[in-house]
Amino acid sequence: MADAARTDPARGGARTARVLIAADKFKGSLTAVEVAEHVTAGLRRVVPDVGVTAVPVADGGDGTVAAALAAGFTRHEARVTGPTGAPVTAAFALRGDGTAVVEMAEASGLQHLPAGVFAPLTAGTYGTGELLLAALDAGAASIVLGVGGSATTDGGAGMLTALGARFLDAGGESLAPGGGPLRELATADLSGLDPRLARTHVVLASDVDNPLTGPTGAAAVYGPQKGASAADVAALDAALAHFAAVLGSAVGPKAATYAAAPGAGAAGGIGYGALVGLGAEFRPGIEVLLDVLGFAPALARATLVITGEGSLDRQTLYGKAPAGVAAAARAAGVEVVAVCGRLTLPPEALDAAGIRRAYALTDLEPDPARCMAEAGPLLERAAERLARDFLV
């Protein structure tokens, strides 16, 4: 890896610049890998021999498997049940040490629904359970379950069913898929869960810490994004509360404890299913992924970190990838700048997050549609500006 000399009077003269690009995807425009490629191209137009290391990142939502693959994991695919019952091909990532990265959106995500057609009461997570089984079959000894972008609000009942749990109505029949039918639940039995799960460390990786139910729960906060009406939200919230109550008969007080725990409401409540059924450990998604992707060794060699995502806004400050990257870099004393599609954070908010400056594509092209269509070339131009400001 070539290095570039940088003269910076504020830092006491010349030094070697080593850039670490740790950015998330620009949703709808560029993958995290493509972001790194375009940023690198822009930097090298200004400083041709600058040393660049790319560690594409994610926060547990869609793009998590892609980030793991970019870090050297091996891609595996499985044919599983999609959120509405149709088969889909889903991928997971596996490393030689037995660490697997499973992204629930691969099996149960909104992208598997027909355009504009939602199924808020009936979409289920059975396919995510099948994907976890595929990871176990492939030799996974520890699993990072990244959740986000789900089409579902079933509390993880579908996932647990695929893994061997039984959820029955008063007539002894298995419940239909989805969150709506949970209101008919009479008996829950987790004794049939795949025994390999008991010796598998599962980490629930999410950028949200909502509880399962209530005004900040899975249905109330995220149900409308999945097509739920006000009546649907009320029905789903009641069904999830009933689900937790019946589970209390099967597993004891921890059912209620986990329902109120941070992360239980993630991805339509699949976080709850992972906590109560899989014994998962909840951790912020970006924190987990930075560990898994080898961010710390790359950071130790860097003199400048470039992070970013499609929109740097208030949500960024609450568990999103750029905030996690900036916090880690700041703790290590490494300067951070960001690239983004659009920027709505004031300078003081950026500074508080540990981001020295942000370069938005909308500063170069104010039309949002063109900005998304031409994101790659615009990002290279933004990176050229960044290089002139920080590398020469």
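Residues numbered from 1 in each chain as written. Predicted model: local features only at pLDDT ≥ 70, side-chain atom pairs only at ≥ 80, totals over all residues. Heavy atoms only, no water.

**Thoughts on the packing of aromatic side chains**
Each aromatic ring pair is summarised here by two numbers: the centre-to-centre distance and the angle between the ring planes. Tallying each qualifying case throughout the model produces two aromatic pairs. Measuring from centroid to centroid gives 5.5 Å for Phe167 and Phe243, while their planes differ by 70°, and the two rings are edge-to-face. Of this pair, Phe167 sits in strand β8 (residues 166-168) while Phe243 sits in helix α7 (residues 230-251), placing them 76 residues apart in sequence. Since its relative accessible area comes to 0%, Phe243 is described here as buried. (Phe/Tyr/Trp six-rings, centres within 6.5 Å; stacked < 30°, edge-to-face > 60°. Helix = DSSP H or I, 4+ residues; strand = E, 2+ residues; numbered from the N terminus. Buried < 20%, exposed > 50% of the residue type's maximum accessible area, 1.4 Å probe, protein only.)

**Structural notes on the side chain of Ser108**
Assignment of secondary structure puts Ser108 in helix α3 (residues 104-108). When its relative accessible area of 0% is taken as the criterion, Ser108 is described as buried. Among the polar contacts made by the side chain of Ser108, one reaches the side chain of Thr128 at a distance of 2.7 Å. With residues near it in sequence (within four places) discarded, Ser108 still touches Pro83, Gly124, Thr125, Gly127, Thr128, Ser150, Ala151 and Thr152. (Polar contact = N/O pair within 3.5 Å; in protein donor to acceptor, adjacent residues only side chain to side chain. Contact = heavy atoms within 4.5 Å.)

**So, the sheet that holds strand β10 (residues 201-206)**
With mixed pairing, six strands are arranged side by side in an open sheet as β4-β5-β6-β7-β10-β11. Of all the strands in the sheet, just β4 (74-81) and β11 (281-284) have a single pairing partner and so form its edges. Averaged over all adjacent pairs, the angle separating strand axes in this sheet is 30°, with direction ignored. Helix α10 (residues 285-292) contacts β6 (99-103), β7 (142-146), β10 and β11 of the sheet and is inclined by roughly 90° relative to β11. (Pairing = 2+ DSSP bridges. Axes fitted to C-alpha atoms, helices over the stretch in contact; angles between N-to-C directions.)

**Considering the side chain of Glu309**
Within the element layout of this structure, Glu309 appears in strand β12 (residues 304-312). Salt bridges are absent for the buried Glu309, whose nearest opposite-charge side chain, Lys320, sits at 5.6 Å. Within the structure, Glu309 has its side chain in polar contact with the side chain of Thr316 (distance 2.6 Å). (Lys, Arg positive; Asp, Glu negative; His and termini not counted. Salt bridge = Lys/Arg side-chain N within 4 Å of Asp/Glu carboxyl O.)

**Structural notes on helix α4 (residues 126-137)**
Taking 1.5 Å per residue, twelve residues should reach 16 Å; α4 reaches 17 Å between its end C-alpha atoms and fits that length. α4 sits mainly inside the fold: nine of its twelve residues count as buried. Residues Gly127, Thr128, Gly129, Leu131, Leu132, Leu133, Ala134, Ala135 and Leu136 constitute the buried set of α4. Where α4 terminates, the next one or two residues include Gly139, which has phi positive at roughly 105°. (Expected span 1.5 Å × (residues − 1).)

**Regarding the environment of Leu136**
Summarising the element assignment, Leu136 is placed in helix α4. Taking relative accessible area as the criterion, Leu136 reaches 6% and is therefore assigned buried. Along the backbone, Leu136 and Ala274 are 138 residues apart, and their C-alpha atoms lie at a distance of 15 Å. Those residues in contact with Leu136, other than ones at most four positions away along the chain, are Ile143, Asp194, Arg196, Leu197 and Thr200.

**What about helix α1 (residues 32-46)?**
Taking 1.5 Å per residue, 15 residues should reach 21 Å; α1 reaches 22 Å between its end C-alpha atoms and fits that length. Listed in full, the buried residues belonging to α1 are Ala32, Val35, Ala36, Val39, Thr40, Gly42 and Leu43. Considered in projection along α1, the buried side chains sweep an arc of 165° and stay on one side of the axis. (Arc of directions from axis to C-beta.)

**Description of the environment of Glu335**
Residue placement: Glu335 occurs in strand β13 (residues 335-343). Residue Glu335 is classed as buried on the basis of its relative accessible area of 18%. With 60 residues separating them along the chain, Glu335 and Leu275 place their C-alpha atoms 37 Å apart. A distance of 2.3 Å separates the side chain of Glu335 from the side chain of Arg356, its partner in a polar contact.

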